[in-house]
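Notes for the structure review
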Amino acid sequence: MKKIAFVGALALSAFFWSCEKNEDIVANTYKLDETKSVAEWKGHLRTGYFNEGAITVQSENLTVQDGKVSGGVFTIPVSSIVNYNLPTDSVKHLLVHHLQSADFFNMAVHPNITYTITNVTSYSGTSSGSVSGANYLVNGDLTMLGKTNAVSFPAKIELNGNELKAEGTLKVDRTKWGITYASDPTLPDANFIQPDIDIHLKLIGSKK
């Protein structure tokens, strides 16, 4: 009888231990504040002239496990593109409409850009252009115009209570997704748009 009771106690202890371990690894879900979460962009001519602006970044399902971001999907609506630097609203609208056209992001057919996180690993490097304090390497798949390519970038990710903040910089070669407008190297410098787009992610979210 004592032996049975002992075995039962062991089984019960194992059960509660298992529950505690499972609670430890439960993933929390975070939602981005789309009024504050943006990807600031900058595109350059070969002359050095550039246009810059921003586009909204949305996510309902960023997962955090053991205090670290472990997955999620960003949705980036092409309709949210804005320009910062041009002098008048009418000129800004011309540029934005061109970026939304079939020459660039083809919003009518592909209204959203998506980025799917595949994994996030610790980072302690100092690669050129990365944000100060970058502590994670974010790896994922970027989909534009129906094409998907792997994109990785160092980021500074901070979790403070129920708040999540992330910042990262990267370059995206638009021609890999078939955006080839004004990328013919024989064009004059004033008409040649560099393939690389500079991106500065600034994300703020909270636990759902």
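The structure displayed is predicted, hence computed values, not measured ones.

Across its full length, the protein chain holds two helices and 11 strands. Order of helices (α) and strands (β) in the protein chain, N terminus to C terminus: α-β-β-β-β-β-β-α-β-β-β-β-β. Within the span of the protein chain, comprising 208 residues, buried residues form 33% of the whole. Partitioning the intrachain contacts of the protein chain with sequence separation of at least 6 by distance along the chain shows that 60% fall at a separation of at least 24. Element-wise, carbon and sulfur atoms account for 56% of the exposed surface of the protein chain, whose accessible area totals about 12000 Å².

Another aspect to go through is the environment of Leu137. By secondary structure assignment, the location of Leu137 is in strand β8 (residues 136-144). Of the residues examined, Leu137 reaches a relative accessible area of 25% and is grouped as partly exposed. Sequence separation between Leu137 and Asn119 is 18 residues, and the spatial gap between their C-alpha atoms is 8.5 Å. Apart from the residues within four sequence positions on either side, Leu137 is in contact with Asn119, Val120, Thr121, Ser122, Tyr123, Ser152, Phe153 and Pro154.

Right, let's talk about the pattern of salt bridges for a bit. By the definition in use, this model includes six salt bridges. Between Lys208 and Glu60 there is a salt bridge; the shortest N-O distance is 3.7 Å. You can see Lys208 sitting in the segment after β11 (193-207) and its partner Glu60 sitting in the loop between β3 (50-56) and β4 (62-65), a full 148 residues away along the chain. By relative accessible area, which is 58% here, Lys208 ends up exposed. The partner of Lys171 in a salt bridge is Asp198, and the shortest N-O contact between them spans 2.5 Å. A residue pair is termed long-range when its members are at least 10 positions apart, and Lys171 in strand β10 (residues 163-173) and Asp198 in strand β11 qualify at 27 residues.

Estimates place the volume of the largest pocket at around 730 Å³. Around the largest pocket, the lining comprises 37 residues; the ones closest to its centre are Trp41, Leu99, Phe105, Ile197 and Ile199. In terms of residues, the lining of the largest pocket owes the most to one element, β11, which gives six residues. By volume, the second largest pocket amounts to about 250 Å³.

With that settled, consider the pairing of β4. Covered by surrounding structure in β4 are Leu62 and Val64 only, the residues Thr63 and Gln65 on the alternate face being uncovered. Sheet topology note: the strand β1 (residues 28-32)/β4 ladder contains three bridges and is antiparallel. Bridging across to β4, Thr29 finds its partner in Thr63. Bridge count between β4 and strand β5 (residues 68-77): three bridges; the pairing is antiparallel. Bridge assignment links Thr63 to a residue of β5, and that residue is Gly71. Hairpin connection of β4 to β5: two residues between the antiparallel strands, including Asp66 at a positive phi of 55°.

Procedures and definitions
- Residues numbered from 1 in each chain as written.
- Predicted model: local features only at pLDDT ≥ 70, side-chain atom pairs only at ≥ 80, totals over all residues.
- Heavy atoms only, no water.
- Helix = DSSP H or I, 4+ residues; strand = E, 2+ residues; numbered from the N terminus.
- Buried < 20%, exposed > 50% of the residue type's maximum accessible area, 1.4 Å probe, protein only.
- Contact = heavy atoms within 4.5 Å.
- Areas by Shrake-Rupley, 256 points an atom, 1.4 Å probe, with all protein chains shown as cover.
- Salt bridge = Lys/Arg side-chain N within 4 Å of Asp/Glu carboxyl O.
- 1 Å grid on protein atoms, 1.4 Å probe; cavity = no way out; pocket = protein on both sides within 12 Å on 5 of 7 lines; lining within 4 Å.
- Points joined across faces, edges and corners; volume = space filled by probe spheres on them.
- Pairing = 2+ DSSP bridges.

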